[in-house]
Amino acid sequence: MANYKMLTERLATLEAKQQATQVTVNETKETTSQLAEQKPDIKKADWTSRIALSGDLRDRMEYIDERGKATRTRNRVRARFGIKAEVNDVLDVGIQLATGSDDPTSTNQTLDGAFSSKGINLDLAYFKWQLTDDWSLTGGKMKNPLHKAGKTPLLWDGDLNPEGASVQYKNNGWQATAFAFSIDERKADKDALLTGAQVLKNFAMGNNNMNASVGYYNYMELQGSTPFIDGKPRGNTLDANGKLANDFDLFEGSIEFNTKLANLPFNVFATYVENMEADSQNQAYALGFNMGKVKNKGSWSLGYSYMDVEADAVYALFNDSDFAGGETDSKGHILKAGYGLNKNMSFGLAYIASEQDQSKAQQTDYDRLQLDLKFKFK
């Protein structure tokens, strides 16, 4: 009986071990199966986390009063949709489509043409390669890499996206950018290029800070050429043959002080530009302030600037297309305001009071009022 009892106990122990082993095997199979099912989802999540979508829509009502001409009222829209992808730890690429035409300083589309379909164009197509912690290389059709004090459009319109390559350095409050942009590729002549560099230093001043920058921008093979896009000089001087009379070799200096006023961001700025390739009518400057920032519902902003741009101080195709109708040889005031209607939804107002033809015997008043509804996502 003792032997029989011992054998029964051993048999029960072996059966228990076998059942435990089977449970472990089943659990292992189940876990493996679950991991196999989750693996595609994990891969999918990893892929989507490296893609960022963004876009915005602006509906604008615009009133233009150019003395001597009939006043003009128009409704315009701007729509942009972009995608940015992280290729790897050091390389990003971006593509953006936008409304508009071949105008390099505007993606606005006027609502006219008997309800006709509107065009979509390639607005951005670039890569950004982070070479080191401090150095990066950007190539393609890119956002403007140059700093604009107070976001003033004295030299560069806000919608201008240059094409070519730029190298940028950032470290310890220093920022340096060198670039080579292609303006016009020519089969039978030298290409029109824009090369240059900008150096900026940020100075910390307690709770405030100041940016000081200098830039040098050299246009090549513009003198003697027909103004690009539509042949209009936009205030630049032409020779007897209707060609650009000057090249453009620009020096820029700017300063910007950033602080808070009534617990709102506030900055004042000044920018000076001189074209060293023109003997006269070769200087421009802007000064002004910005207060507040439109971010959420109830937030607001207010900005003012004064600009004076002589005829050949800047290349007229790339500066602000709204101020004085996009022409140099002009001066005037820009007043802007914004108000947050809701998250990612805002109202904007801009009023431009300017005068064209400053170097001529008679000046022309040019006023423009813009009312915007803006929507964005990202």
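The notes below deal with the structure included here. Since this is a predicted model, take the numbers as computed values, not measurements.

Analysis parameters
Within each chain, residues carry numbers counting from 1 in the order of the written sequence. Local features in a predicted model are, by the rule used here, given only for residues with pLDDT of at least 70; side-chain atom pairs are given and counted only at 80 or more, and totals for whole chains, interfaces and linings are based on all residues. Side-chain figures throughout are based on the complete set of non-hydrogen atoms in the structure, without hydrogens or water. Strands are treated as partners if at least two bridges between them are detected by DSSP. Numbering goes from the N terminus for both helices and strands, where a helix is a DSSP run of H or I of at least four residues and a strand is a run of E of at least two. We call a set of buried residues a nonpolar core when its members are Ala, Val, Leu, Ile, Met, Phe, Trp, Tyr or Cys and they connect through side-chain atoms within 4.5 Å of each other. Categorising residues by exposure relies on relative accessible area from a 1.4 Å probe, with only protein chains included: less than 20% of the type maximum marks a residue as buried, more than 50% marks it as exposed, and the intermediate range marks it as partly exposed. Residues are treated as being in contact if the distance between any of their heavy atoms lies within 4.5 Å. Basic side-chain nitrogens of Lys or Arg form a salt bridge, by our definition, when they fall within 4 Å of a carboxyl oxygen of Asp or Glu. Only Phe, Tyr and Trp rings take part, Trp by its six-membered ring, and two of them pair if their centres are within 6.5 Å. Stacked means planes under 30 degrees apart, edge-to-face means over 60, and tilted covers everything else. Only when the NZ of Lys or the CZ of Arg is both within 6 Å of the ring centre and within 35 degrees of the ring normal is a charge said to sit over the ring.

## Some details on the pairing of strand β1 (residues 51-66)
Relative to strand β2 (residues 72-86), β1 runs antiparallel, the two being bridged by 14 bridges. Following the sheet pairing, Ile64 is matched in β2 by Arg72. The loop that links β1 with its antiparallel partner β2 comprises five residues; one of these, Gly68, has a positive phi angle of about 90°. Note that β1 and strand β17 (residues 364-377) share 12 bridges and pair antiparallel. Residue Asp59 lies in a different strand from β17, and its bridge partner there is Leu373.

## Quick look at the pairing of strand β10 (residues 208-220)
Pairing between strand β9 (residues 192-205) and β10: 13 bridges, direction antiparallel. In the strand pairing of β10, Leu200 is matched with Ser213. Taking the residues that link successive antiparallel strands as the turn, the β9-β10 hairpin has two residues, and the phi of Gly206 there is positive, at about 70°. Here β10 pairs with strand β11 (residues 249-261) via 10 bridges, running antiparallel. Across the sheet, the residue bridging to Tyr216 is Phe251, located in β11.

## Here we look at the nonpolar core
In terms of nonpolar packing, the biggest core is built from 31 residues, with Trp156, Tyr217, Tyr219, Leu222 and Tyr315 touching the most fellow members. Elements with a minimum of two residues in this core: β8 (174-184), β9, β10, β13 (283-292) and β14 (300-309). Apart from residues no more than four positions distant in its own chain, Tyr219 is found in contact with Trp156, Ile183, Leu193, Leu194, Asp247, Phe248, Leu250, Tyr315 and Phe318.

## As for the pattern of salt bridges
Enumeration according to the criterion identifies 16 salt bridges in this entry. Across the pair Asp56 and Arg78 runs a salt bridge, and its minimum N-O distance is 3.3 Å. One end of the pair, Asp56, is in strand β1; the other, Arg78, is in strand β2, with 22 residues separating them in the sequence. Asp56 gets classed as buried once you look at its relative accessible area, which sits at 18%.

## Observations concerning the packing of aromatic side chains
Counted under the stated rule, the structure contains 13 aromatic pairs. Relative to Tyr217, the ring of Trp156 has its centre 5.5 Å away and its plane inclined at 75°; by these criteria the two rings are edge-to-face. With Trp156 in the loop between β6 (135-141) and β7 (163-171) and Tyr217 in strand β10, this pair connects stretches of sequence that are 61 residues apart. Owing to a relative accessible area of 4%, Trp156 belongs among the buried residues under this scheme. Overall, the relative accessible area of 0% leaves Tyr217 in the buried class. Members of the aromatic cluster, connected to one another through ring pairs, are Trp156, Phe179, Phe181 and Tyr217. Positioned above the aromatic ring of Phe203, the side-chain terminus of Lys201 is 5.9 Å from the ring centre.

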